[in-house]
Amino acid sequence: MVIKTAVTIDWSTKTKVVYLGYFEGFKSVDFNSYGIPKPFLDAVLASAKDKELSGKSGNQSVFVGQGKHLGQRIVLVGLGKKDALTVDVLRKLAGEIGRNANASKLSDITIAMPKEVGELDSSWVGQSLSEGIGLGTYKFDQYLSKKEGKETPLKSVTIVAEKAAQTAIKKGAEKGVVVSQSVAVARDLANTPANDLTPKLFVDYVTKLVGKAKGFKVTIIDAKKAKQLKMGALLGVGQGSINPPYLLIVEYSGAANTEKPIALVGKGVTFDTGGISIKPSTGMGEMKGDMGGAAAVVGALNATMNLRPKKNILFVTPLAENMPSATAQRPGDIVRAMNGKSIEITNTDAEGRLILADALCYTVKQKPKEIVDLATLTGACVIALGNSASAILSNNEGLVATFKGIAEQTGDRVWQLPLYDDHLELLKSNVADLLNAYEGRLAGTSTAAKFLEQFVDGTPWLHMDIASTMSSNTTKGYTPKGMTGSGTRNLIEYILS
Ligand code: BES
Ligand code: ZN
Ligand code: ZN
């Protein structure tokens, strides 16, 4: 998709469809600045007079050209209330525009926004528009024999803006293309069913993605190596499946090797049945997305390959399939993580924190500056936050502030939950150093995070529980139904910050 900029709208018949933004409570004169040709303008103003135009966010009204504008169209797209305008409003709008363009089989479109949009940061305006289109038109159709709407992908988008803002808009828009492609990588991985994405196939995918890219190094730790490294927690989860577990590490050197890396760690449970503590069957298929954390980390890796930030970064994904079988781990078993801590298994369905425990131990040994982990970790997170935000928990308020700031721009919302010493009390075992899960119903997201904290050895660390945001059951804004790739955009802005 090529992004172009222009100072005014080209109303010649070359332009087929123009998308025009407008606010709720607009005045008719607001349309003047677009230079809409007479017959079109009359139709728009007549609709406005008849109160057919609401300007509500997501609202679309189509005007078909007459006479010499035959074959041309204006689509008025509502931006909602003027004082509620943010880059995420634009991103959502762009998602709707993208799908509308796809449905009309358009390859080139023009977008113009009211002057108030100029008050937002120009590069974010460009980024949100191209990102929204890319994210909103995403389809997971590899398994469909008949693919719909792919025949005419959008080839070019012309953004109308004043001269001074154009360079920033274009630059932002180009970044937005990379970001949406990287989220698509994460969504593809999370949407791929577990029969086609075992831990080994995940490793193969990433190895192929990285290929021979300069500055990247892939390390694959298989079960044999994991045993030597005493990764008893990862191995315990993986032992019930015929598809063995892995720890996959990709190192990126974008700065001097004296500079400490930042580490991104993602839960990669390619399928979570719950193990012997088996889950109820309704909705269990969703658990093909229980590697959403690892998928987001690979999405960020994809962005790193394209944007090459001047940082050193470790991408770490523990991978396992959590199955019930004759060889599966049992409740009551005691395993030992790489740092020597013993863990009594109370519930084999609390497997994510176990594989993350060893991944965090391994990561800490690489002496990173900071660790950010992402995981579809707890059902309690879904109960607490619905689908509206991911939970963040941290031992470092600076990292919390960083992620809150990032999420303001990305719209990939986060909400902080507490991490108290009380939560560790709930993980006390009589026979081991820790329980893997507290068996009551209190503070499920916090106790899970508190468990993880036992393996970061004081390193500044932030945990993001994306169980709440991993999937969407509607198509809306820039989020099509299915796996969302949540967390990916926050990680990308974090590594670029
Ligand atoms: N993968 C699940 C968490 C999850 C639930 C993600 C719903 C997305 C949607 C995780 O492995 C799990 O099963 N957690 C348990 C922990 C409990 C046994 C302490 C849970 O949250 O129920
Ligand atoms: Zn589980
Ligand atoms: Zn899980």
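What counts as what
Residues numbered from 1 in each chain as written. Chains lettered and ligands numbered in written order. Predicted model: local features only at pLDDT ≥ 70, side-chain atom pairs only at ≥ 80, totals over all residues. Core = buried A, V, L, I, M, F, W, Y, C linked by C-beta atoms within 7 Å. Buried ≥ 20, exposed ≤ 12 C-beta atoms within 10 Å, placed from the backbone. Helix = DSSP H or I, 4+ residues; strand = E, 2+ residues; numbered from the N terminus. Domains from an automatic or database assignment. Contact = placed C-beta atoms within 7 Å. Near = placed C-beta within 6 Å. Nonpolar A, V, L, I, M, F, W, Y, C, P; charged D, E, K, R; others polar. Expected span 1.5 Å × (residues − 1). Pairing = 2+ DSSP bridges.

(A) Structural context of the nonpolar core. With 143 residues, the main nonpolar core has I111, L234, L247, L264, V297 and L360 as its most contacted residues. With 10 residues, the top contributor of residues to this core is helix 4 (residues 166-191). There are two domains that each give this core at least three residues, and those are domain 1 (2-165) and domain 2 (184-496). Leave out the neighbours within four places in its chain, and L247 touches I221, A226, M231, L234, P318, D358, A359 and Y362.

(B) The arrangement of the site of ligand 1 in detail. By nearness alone, 17 residues border ligand 1, and D349, T378, G379, A437 and A467 come closest of all. Sorting elements by how many residues they give to the shell around ligand 1 places helix 10 (residues 379-385) first, with 3 residues. Partitioned by chemical class, the residues of the shell around ligand 1 number 7 nonpolar, 6 polar and 4 charged.

(C) Quick look at helix 8 (residues 292-307). Relative to the 22 Å expected for 16 residues at 1.5 Å per residue, helix 8 spans 22 Å between its end C-alpha atoms, a close match to the ideal helical length. Following helix 8 by one or two positions, R308 has its phi on the positive side, about 40°.

(D) Representation of the environment of F202 within the structure. You can see F202 is positioned in helix 5 (residues 199-210). Along the chain, F202 and K311 lie 109 residues apart, while their C-alpha atoms are 25 Å from each other. Apart from the residues lying within four places of it in its own chain, the contact partners of F202 are L197, G268, T270, M291, A294 and L319.

(E) Spatial organisation of the pairing of strand 14 (residues 370-375). Counting buried positions along strand 14 yields 5 of 6 residues, so the element is predominantly enclosed. Relative to strand 14, strand 9 (residues 262-266) is paired through 5 bridges, and the arrangement is parallel. Counterpart to A263 in the pairing with strand 14 is I371. As paired strands, strand 14 and strand 18 (residues 461-465) are joined by 5 bridges and run parallel to one another. Within strand 18, the position partnered with L374 by the bridge is M464.

(F) Spatial organisation of the sheet that holds strand 17 (residues 434-435). Read across the sheet, 3 strands follow the order 12-13-17 without closing on themselves; strand pairing throughout is mixed. Unpaired on one side and paired on the other, strand 12 (334-336) and strand 17 mark the two borders of the sheet. Two strands pair when backbone bridges link them, and strand 13 (residues 342-344) and strand 17 are joined in this way by 2 bridges, in the parallel orientation. The residue bridging E344 from the neighbouring strand is L435, located in strand 17.

Limitation: the analysis is restricted to geometry and does not speak to function.
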